[in-house]
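Each chain is listed here by its residues.
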Amino acid sequence: MKIWLDGGLKDIESARVSALDHGLTVGDGIFETVKAVDGRLFALTRHLDRLTRSARGLGLPEPDLDEVRRACAAVLDANPMPLGRLRITYTGGISPLGSDRGDHGQTLVVALGETTRRPDSTAVITVPWTRNERGALAGLKTTSYAENVIALARAHQEGASEALFGNTVGQLCEGTGSNVFVVLDGEIHTPPVASGCLAGITRALAVEWTGAKETDLPLDVLQRADEVFLTSTLRDVQAVHRVDARELPGAPGPVTAKAMRIFDERAGDDLDP
Ligand code: PLP
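As a starting point, this report considers the structure included with it. Since the structure is predicted, the reported quantities are computational estimates derived from the model, not experimental observations. (Residues numbered from 1 in each chain as written. Predicted model: local features only at pLDDT ≥ 70, side-chain atom pairs only at ≥ 80, totals over all residues. Heavy atoms only, no water.)

1. What about the overall build of the protein?
Working step 1: In terms of regular secondary structure, the protein is built from 6 helices and 15 strands.
Working step 2: For 273 residues, the compact-globule formula gives about 19 Å, and the C-alpha radius of gyration of the protein, at 19 Å, lands near that figure.
Working step 3: Summarising its shape, the C-alpha atoms of the protein cover approximately 55 × 40 × 30 Å along the three principal directions.
Working step 4: Burial analysis of the protein (273 residues in total) assigns 49% to the buried set.
Working step 5: Look at the contacts in the protein between residues 6 or more apart in sequence, and 69% of them connect residues 24 or more apart.
Working step 6: Accessible area for the protein stands at about 12,500 Å²; split by element, carbon and sulfur atoms hold 51% of it.
Working step 7: The distance from the centre of the 29 positive side-chain charges to the centre of the 38 negative ones in the protein is 1 Å. (Helix = DSSP H or I, 4+ residues; strand = E, 2+ residues; numbered from the N terminus. Rg over C-alpha atoms; globule rule 2.2 N^0.38 Å. Buried < 20%, exposed > 50% of the residue type's maximum accessible area, 1.4 Å probe, protein only. Contact = heavy atoms within 4.5 Å. Areas by Shrake-Rupley, 256 points an atom, 1.4 Å probe, with all protein chains shown as cover. Lys, Arg positive; Asp, Glu negative; His and termini not counted. Charge placed at Lys NZ, Arg CZ, Asp CG, Glu CD.)

Next comes the structure, spelled out in structure tokens:
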């Protein structure tokens, strides 16, 4: 397995990042997960736009997107696989302990892991912790993901694959690595970005392709919605068959099934050659 680091391909066993990398010591970094289908990347331009927005939000110098594209192509080429998750990580670089971000340049790592298609439906839980929709990191895809790690571990303990957060004013927000949609009286709704959720790329495509509305929703909408589904790079559109103790028999319901079909039909259009 080869990964991109320090401007070139390296064997994964020998690739090393400094112990003083600000991404490691304080989570000062950003990332993207991009789906790779038979060596082609899905929605790469949208991912690179978001990487740039996250860099600006964190005050990191903007990444050199030509290098990132070259790195992605090289990693894909070196590691052929049918379905992969390509991870771009970009951090503040080496910084002396206890100091601000250093001036040694940034660290760029591009790595690839094999993955499999997700099941059509899944169970989710809600967690008591909140997303801070007014926090400095709201909407940024940073490597400060430990809160998501805790929430996801709880989901796994409870036999679910995702944990959903509300925000500080009790509205539905998002999952640890996915956006959430509900169906109410035949209409599809998803929380607006102002709820504190990540502007998911799959979310944006689902809104565009299904006409879903961006609506402030109370967290307890999950207990009465006719259907619930998740979107993310690795899940695509995935139905929810259980939220906490509430079963949603027959998931995917008709509206979700249609959204899944539309997504499958159109997703091929956005593959990078
Ligand atoms: N929300 C969070 C917190 C995420 O980390 C992700 C993806 O990793 C998403 C939502 C879904 O975004 P995307 O569709 O771009 O994968």
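Next, the rest of the story.
2. Some words on the packing of helix α5 (residues 201–210) against helix α6 (residues 254–267)
Working step 1: It is the contact of α5 with α6, at a shortest axis distance of 10 Å, that shows an interaxial angle of 105°. Between α5 and α6, the crossing angle belongs to the class labelled roughly perpendicular. Between α5 and α6, the residues in contact are T202, L205, W209 and T210 and A259, I262, F263, R266 and A267, respectively.
Working step 2: Counted by class, the contact of α5 with α6 contains 6 nonpolar, 2 polar and 1 charged residues. (Axes fitted to C-alpha atoms, helices over the stretch in contact; angles between N-to-C directions. Parallel < 35°, antiparallel > 145°, perpendicular 65-115°, else oblique. Nonpolar A, V, L, I, M, F, W, Y, C, P; charged D, E, K, R; others polar.)

3. A word on the pattern of salt bridges
Working step 1: The tally for this structure, following the rule as stated, stands at 12 salt bridges.
Working step 2: Put simply, D28 and R101 hold a salt bridge, and the shortest N to O gap is 2.7 Å. Taken as a pair, D28 in the loop between α1 (22–26) and β3 (29–37) and R101 in the loop between β5 (83–91) and β6 (107–114) lie far apart in primary sequence, 73 residues in all.
Working step 3: Looking at D28, the relative accessible area reads 8%, which means it is buried.
Working step 4: Note that R117 and D236 form a salt bridge whose closest N and O atoms lie 3.9 Å from each other. With a gap of 119 residues between them, R117 in the loop between β6 and β7 (121–131) and D236 in strand β14 (residues 236–243) connect regions that are remote in the sequence. (Salt bridge = Lys/Arg side-chain N within 4 Å of Asp/Glu carboxyl O.)

4. Some thoughts on α5
Given 3.6 residues to a turn, an α-helix orients residues that are three or four positions apart in the same direction.
Working step 1: In terms of burial, α5 is a largely internal element, 7 of the 10 residues being buried.
Working step 2: Within the sequence span of α5, burial applies to I201, T202, R203, L205, A206, V207 and W209.

5. A short note on the sheet that holds β5
Working step 1: Reading across the sheet, the 6 strands line up as β2-β1-β6-β5-β3-β4 and stay open at both edges, with antiparallel pairing between neighbours. Pairing within the sheet leaves two strands with one partner each, and these edge strands are β2 (8–11) and β4 (40–41).
Working step 2: Here 9 bridges tie β3 to β5, and the two strands are oriented antiparallel to one another. Along β5, the bridge assignment pairs F31 with T89.
Working step 3: Set on the sheet, helix α2 (residues 44–58) makes contact with β3, β4 and β5; between it and β3 the angle comes to about 175°. (Pairing = 2+ DSSP bridges.)

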